[in-house]
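So you can see what is in the structure, the chains are spelled out below.
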Amino acid sequence: MAIIQLLKYRIKRKIVDARLTDQSLIKAILEDTQGHKERQQNLIKWIFLTLFGGMGLIAQEFLPYSMEESVLPYGVIVIFLSIGLILNYLLNEHLSKSRKDS
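Residues numbered from 1 in each chain as written. Predicted model: local features only at pLDDT ≥ 70, side-chain atom pairs only at ≥ 80, totals over all residues. Heavy atoms only, no water.

> How should I be thinking about the environment of leucine 49 in this particular structure?
You can see leucine 49 is positioned in helix α3 (residues 36-61). Of the residues examined, leucine 49 reaches a relative accessible area of 17% and is grouped as buried. Taking the C-alpha atoms as reference points, leucine 49 and isoleucine 77, separated by 28 residues in sequence, lie 10 Å from one another. Discounting chain neighbours no more than four positions away, the residues touching leucine 49 are Leu81 and Leu85. (Helix = DSSP H or I, 4+ residues; strand = E, 2+ residues; numbered from the N terminus. Buried < 20%, exposed > 50% of the residue type's maximum accessible area, 1.4 Å probe, protein only. Contact = heavy atoms within 4.5 Å.)

Here's what the structure looks like:
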């Protein structure tokens with residue numbers, strides 16, 4: 001959130017420095033196009049990706065492999081990331097269905 005606010009401040013500062021006066025252009029630049037639902041889905045996606053990516057890194061530490069010859073570590077990480085994305089999809093589908101029902 002702090003990074004977003006800092007970037008918005010820098011954009012506003014550049015608009016003032018450039019002396020832009022077109023209100024529709026300024027509104028289009030500064031308006032947040034994502035709604036609450038999209039931001040929530042994006043946050044959940046990144047939580048799942050970081051969680052399962054970390055779990056993949058931990059799991060590969062316990063597997064015996066030759067670092068020079070094996071692609072096993074990459075496969076383990078990709079599989080864990082894929083599981084995270086699948087669970088993210090299923091959770092988002094479940095949340096969207098529960099919103100429609102209520």
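After that view, the rundown keeps rolling.
> How should I be thinking about the packing of α3 against helix α4 (residues 72-101) in this particular structure?
The geometry of α3 relative to α4 is characterised by a closest axis approach of 8 Å and an angle of 150° between their N-to-C directions. In this view, α3 runs roughly antiparallel relative to α4, as classed from their interaxial angle. Seen from above, α3 lies across α4 with right-handed handedness. Here the residues of the contact of α3 with α4 are counted per class, giving 17 nonpolar, eight polar and three charged. (Axes fitted to C-alpha atoms, helices over the stretch in contact; angles between N-to-C directions. Parallel < 35°, antiparallel > 145°, perpendicular 65-115°, else oblique. Left-handed = near helix turned anticlockwise from the far one by under 90°. Nonpolar A, V, L, I, M, F, W, Y, C, P; charged D, E, K, R; others polar.)

> I keep staring at the packing of aromatic side chains and nothing clicks. Help me out?
Ring pairs (aromatic) are described by centroid distance and by the angle formed between their planes. Following the criterion strictly, the structure yields one aromatic pair and no others. Centre to centre, the rings of phenylalanine 48 and phenylalanine 52 are 6.1 Å apart; their planes meet at 20°, and the pair counts as stacked. On the criterion of helical spacing, the pair formed by phenylalanine 48 and phenylalanine 52 is a turn pair, its members being four residues apart in helix α3. Taking the relative accessible area as the measure of exposure, phenylalanine 48 reaches 17% and is therefore buried. (Phe/Tyr/Trp six-rings, centres within 6.5 Å; stacked < 30°, edge-to-face > 60°.)

> In this structure, what is going on with a positive patch on the surface? I would like to understand it.
A contiguous patch of positive charge on the surface is contributed by Lys37, Lys97, Arg99 and Lys100. Among the elements that line the positive patch, the one with the most residues is α4, at three residues. Along the chain, the position of lysine 37 falls in helix α3. (Patch = residues over 30% accessible without salt bridge, like charges linked within 9 Å, V, L, I, M, F, W, Y side chains within 5 Å. Areas by Shrake-Rupley, 256 points an atom, 1.4 Å probe, with all protein chains shown as cover. Salt bridge = Lys/Arg side-chain N within 4 Å of Asp/Glu carboxyl O. Lys, Arg positive; Asp, Glu negative; His and termini not counted. Charge placed at Lys NZ, Arg CZ, Asp CG, Glu CD.)

> Just to check I follow, could you spell out empty space enclosed by the protein for this structure?
Gaps left between atoms are located by rolling a probe of water-molecule size over the structure's atoms. Scanning the entire structure with this criterion turns up one cavity of 30 Å³ or more. As a volume, the largest cavity reaches approximately 30 Å³. Around the largest cavity, the lining residues are Gln40, Gln41, Ile44, Asn92, Leu95, Ser96 and Arg99. Of all the secondary-structure elements, those providing two or more residues to the lining of the largest cavity are α3 and α4. When residues in the lining of the largest cavity are grouped by element, the largest group, four residues, is from α4. Split by residue class, the lining of the largest cavity holds two nonpolar, four polar and one charged. (1 Å grid on protein atoms, 1.4 Å probe; cavity = no way out; pocket = protein on both sides within 12 Å on 5 of 7 lines; lining within 4 Å. Points joined across faces, edges and corners; volume = space filled by probe spheres on them.)

> I keep staring at α3 and nothing clicks. Help me out?
An α-helix turns once every 3.6 residues. As a result, residues three or four positions apart point the same way. Here α3 spans 38 Å end to end across 26 residues, near enough to the 38 Å set by a 1.5 Å rise per residue. Within the span of α3, buried status applies to Ile44, Phe48, Leu49, Phe52, Gly53, Gly56 and Gln60. Where the residues of α3 are buried, they touch α4. (Expected span 1.5 Å × (residues − 1).)

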